[in-house]
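Take a look at the letters that make up each chain.
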Amino acid sequence: MNIKTRVEQNALIVTVFGELDLVIAEQFKAVIEKELENLKINTLILDLKEVTFIDSSGLGAILSRYKMLSEKHGRMALINPQPAVKRILELSGILRIINIYEDLNRALAAI
Amino acid sequence: MENTQNWQNYIRLELASIPENVGLARITIASFVSQVDLTLNDLEEIKVATSEAVSNAIIHGYENNKNGKVIIEAIRQDDRLILTVEDYGKGIEDIEKAMEPAYSTDPERMGLGFVFMKSFMDQVHVNSTVGQGTKVTMEKILKPVKAIN
């Protein structure tokens, strides 16, 4: 399992390990949907600290979870990306719609 | 493929059209170009472009059918990387439209595959025939770190 989840302050914290590409994208979407549904939570914080690579499949998976949460009036934030991953996030335009924070405390305080 | 006498190096990979091979292709191409001392940004860009082209072949070319083959060839010629990713899948009906930003046949995807390829490589050419397959050819000038400094 390359995805770990926990709950803090009524937010689902999801940590992805390794490369967020086509292989992990479907698993990523399914795990988050199931956890949010089971826990009846609609706040998601995605911790990218351990993500070493991201491409458009990974970005699409993040965006689809954002859309899913938005439809339920939920909120989502990204935290801790490594520089190479942050650059791809910036170039993709996804940061225009999903907020990014330096760490978990700041994200929890903001959303 | 171009005249072998001008190559510094050449590889050809033939991979099953399964998602697990996207990472394999990416790492192999990264290793291939790392024979030139590139910046981390350049290396990352080549990895993303490779990932996008191979993912497209699997998702769109073969529509996630695992029985297809993806052929990847890379040439290092002087200061250029020439990278081709070919599939024998369903082909692209409208290449111009497929290359538009945010265009995707799948609502779960961002339509950024070709955008990243065009942004991160110096040239991208797509040849596609419906029912026969698609060949994406990308070129990037490799700038060794020493030359930049």
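Structure shown above.
A brief look at the structure comes next. (Residues numbered from 1 in each chain as written. Chains lettered and ligands numbered in written order. Predicted model: local features only at pLDDT ≥ 70, side-chain atom pairs only at ≥ 80, totals over all residues. Heavy atoms only, no water.)

**Regarding the sheet that holds strand β6 (residues 75-79) of chain A**
All names here are of chain A.
Argument step 1. One open sheet accounts for five strands, arranged β1-β2-β4-β6-β7; its pairing is mixed. The sheet is open, and its two edges are formed by β1 (3-8) and β7 (99-101), each paired on a single side. Across this sheet, the average inter-strand angle for adjacent strands is 25°, counted without regard to direction.
Argument step 2. Sheet analysis places strand β4 (residues 43-47) next to β6, joined by five bridges and oriented parallel. Bridge pairing in β6 places Ile45 opposite Ala77. (Pairing = 2+ DSSP bridges. Helix = DSSP H or I, 4+ residues; strand = E, 2+ residues; numbered from the N terminus. Axes fitted to C-alpha atoms, helices over the stretch in contact; angles between N-to-C directions.)

**A short note on the side chain of B:Ser55**
Argument step 1. By the secondary structure assignment, B:Ser55 is in helix α2 (residues 40-61).
Argument step 2. Given a relative accessible area of 1%, B:Ser55 falls into the buried group.
Argument step 3. Not counting residues up to four positions away in its chain, the partners in contact with B:Ser55 are A:Leu22, A:Asp55, A:Ser57, B:Val22 and B:His60. (Buried < 20%, exposed > 50% of the residue type's maximum accessible area, 1.4 Å probe, protein only. Contact = heavy atoms within 4.5 Å.)

**A word on the packing of aromatic side chains**
Residue and element names in this part refer to chain B.
Argument step 1. Under the defined criterion, the tally for this structure stands at two aromatic pairs over all chains.
Argument step 2. Taking 4.4 Å as the distance between ring centres and 20° as the angle between the ring planes, the aromatic pair formed by Trp7 and Tyr10 counts as stacked.
Argument step 3. Under the relative-accessibility criterion, Tyr10 is labelled partly exposed at 24%.
Argument step 4. Relative to Phe120, the ring of Phe116 has its centre 5.3 Å away and its plane inclined at 15°; by these criteria the two rings are stacked. With Phe116 and Phe120 both in helix α4 (residues 113-120), this residue pair falls four residues apart, about one helical turn. Across this residue pair, the class does not change: Phe116 and Phe120 are buried. (Phe/Tyr/Trp six-rings, centres within 6.5 Å; stacked < 30°, edge-to-face > 60°.)

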